[in-house]
Amino acid sequence: MATDFRQKERLPEITDRIVETYHEIGTVHHLGHCPLPSQDAVIEAAQDLKDIIFPGYSRRQNLHLGNVTYHVGNIIDSLHDILTVQIGRAMRHQYVQKHGADCEELRKIDFEAEGQQKTIQFLETIPEIRRALATDVQAALDGDPAATCFDEIIFCYPGLEAITIYRIAHELYKMDVPIIPRMLSEWAHSQTGIDIHPGATIGLSFFIDHGTGVVIGETCEIAEHVKVYQGVTLGALSFPKDSEGRIIREQKRHPTIEKGVVIYANATILGGDTVIGQDAVIGASVSLMKSVVPNTIVTIEKPSLRFREAS
């Protein structure tokens, strides 16, 4: 059956009804304001950062010590320009949220200069990010008998992908860059199924095995040499509220995981006062809302199984 072009006469009316909701609902549009950071540009920057953190694995191969300086220099130059603009936009948006200024007033403030300053500060952290990620790669090789080499881990492990973006986003978070760290972490979440808030503090030699469904909350503190499996949640209990019913923010809501802890699949650990002591082992499907002393193994009793012949 051919398209009835007469039906297209309804489209202007549909358009007007949609636009009318923009006047009716002001909370879910960003019209008449200064531009927000671009999701595409932020993701492009993340891909560029991965290219210099793990050179030779992704978009540009055939690199060697004779040409890698030129390659990295080009990317750093591009990152400077991208991040200067995007961080500047994020800082401007934060200012608007706090002060309610309009674009004309904001033109008097040089947010791009602030963006450039934070960009340079961030780019200077890349050597330390690489050193931290090298310990994470080693932890994966040491912790997974299925891993055959570093290259396999860098190419194939979603846990390392999520940790890489986390370590990038965490540096920006520590610099009080708004919005962009969450954009990065949620992009990694969509790619890997692993949700790590950029505000979490995670030590060296961190290994997420398999990874799907892992959740690590904003105020979680994880020490060195910790290993978690798929489905682990390091989350919060119910949120305290003030006298007007608003959530009280900027409190520790997520657990502390000390050095050498292993947390098996689908375990759930909740609460800002919960501390899992050094070298403890939390078994699969355990649910915890209280602290565990060091060197403790926590498991749930196995359910009894009943077998019968099929009829």
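Residues numbered from 1 in each chain as written. Predicted model: local features only at pLDDT ≥ 70, side-chain atom pairs only at ≥ 80, totals over all residues. Heavy atoms only, no water.

> Go over the packing of helix α2 (residues 39–53) against helix α3 (residues 68–99) with me, naming the residues and quoting the values.
Running from N to C, α2 and α3 point in directions that differ by 155°, and their axes come no closer than 10 Å. Overall, the two elements α2 and α3 adopt an arrangement that is roughly antiparallel. Taken as a pair, α2 and α3 cross one another with a handedness that is left-handed. Of α3, the residues touching α2 (which contributes A41, E44, A45, D48, L49, D51 and I52) are H71, V72, I75, I76, S78, L79, I82, L83 and Q86. Residues belonging to the contact of α2 with α3 are distributed by class as follows: 10 nonpolar, three polar and three charged. (Axes fitted to C-alpha atoms, helices over the stretch in contact; angles between N-to-C directions. Helix = DSSP H or I, 4+ residues; strand = E, 2+ residues; numbered from the N terminus. Parallel < 35°, antiparallel > 145°, perpendicular 65-115°, else oblique. Left-handed = near helix turned anticlockwise from the far one by under 90°. Contact = heavy atoms within 4.5 Å. Nonpolar A, V, L, I, M, F, W, Y, C, P; charged D, E, K, R; others polar.)

> Got a sec to walk through the packing of aromatic side chains? Specific residues and values, please.
Aromatic ring pairs are defined here through the distance separating the ring centres and the angle between the ring planes. Applying the stated criterion across every chain, the model contains three aromatic pairs. Centroid distance Y229 to Y264: 4.8 Å. Interplanar angle 15°. Geometry classified as stacked. In this pair, Y229 is assigned in strand β6 (residues 227–229) and Y264 in the loop between β9 (262–263) and β10 (268–270), connecting sequence segments 35 residues apart. (Phe/Tyr/Trp six-rings, centres within 6.5 Å; stacked < 30°, edge-to-face > 60°.)

> Account for the sheet that holds strand β11 (residues 275–276), with residues named and values stated.
Strand order in the open sheet formed by four strands is β2-β5-β8-β11, with parallel pairing between adjacent strands. Single-partner strands in this sheet number two, and they are β2 (201–202) and β11. With two bridges connecting them, strand β5 (residues 221–222) and strand β8 (residues 256–257) associate as parallel partners. Note that in β8 the partner of I222 across the bridge is I257. (Pairing = 2+ DSSP bridges.)

> So what's going on with a nonpolar patch on the surface? Residues and values would help.
Taken together, the side chains of L11, I14, I18, V19, Y22 and L31 define a hydrophobic patch exposed on the protein surface, amounting to about 490 Å² of accessible area. The topology assignment puts I18 in helix α1 (residues 11–24). (Patch = residues over 30% accessible without salt bridge, like charges linked within 9 Å, V, L, I, M, F, W, Y side chains within 5 Å. Areas by Shrake-Rupley, 256 points an atom, 1.4 Å probe, with all protein chains shown as cover. Salt bridge = Lys/Arg side-chain N within 4 Å of Asp/Glu carboxyl O.)

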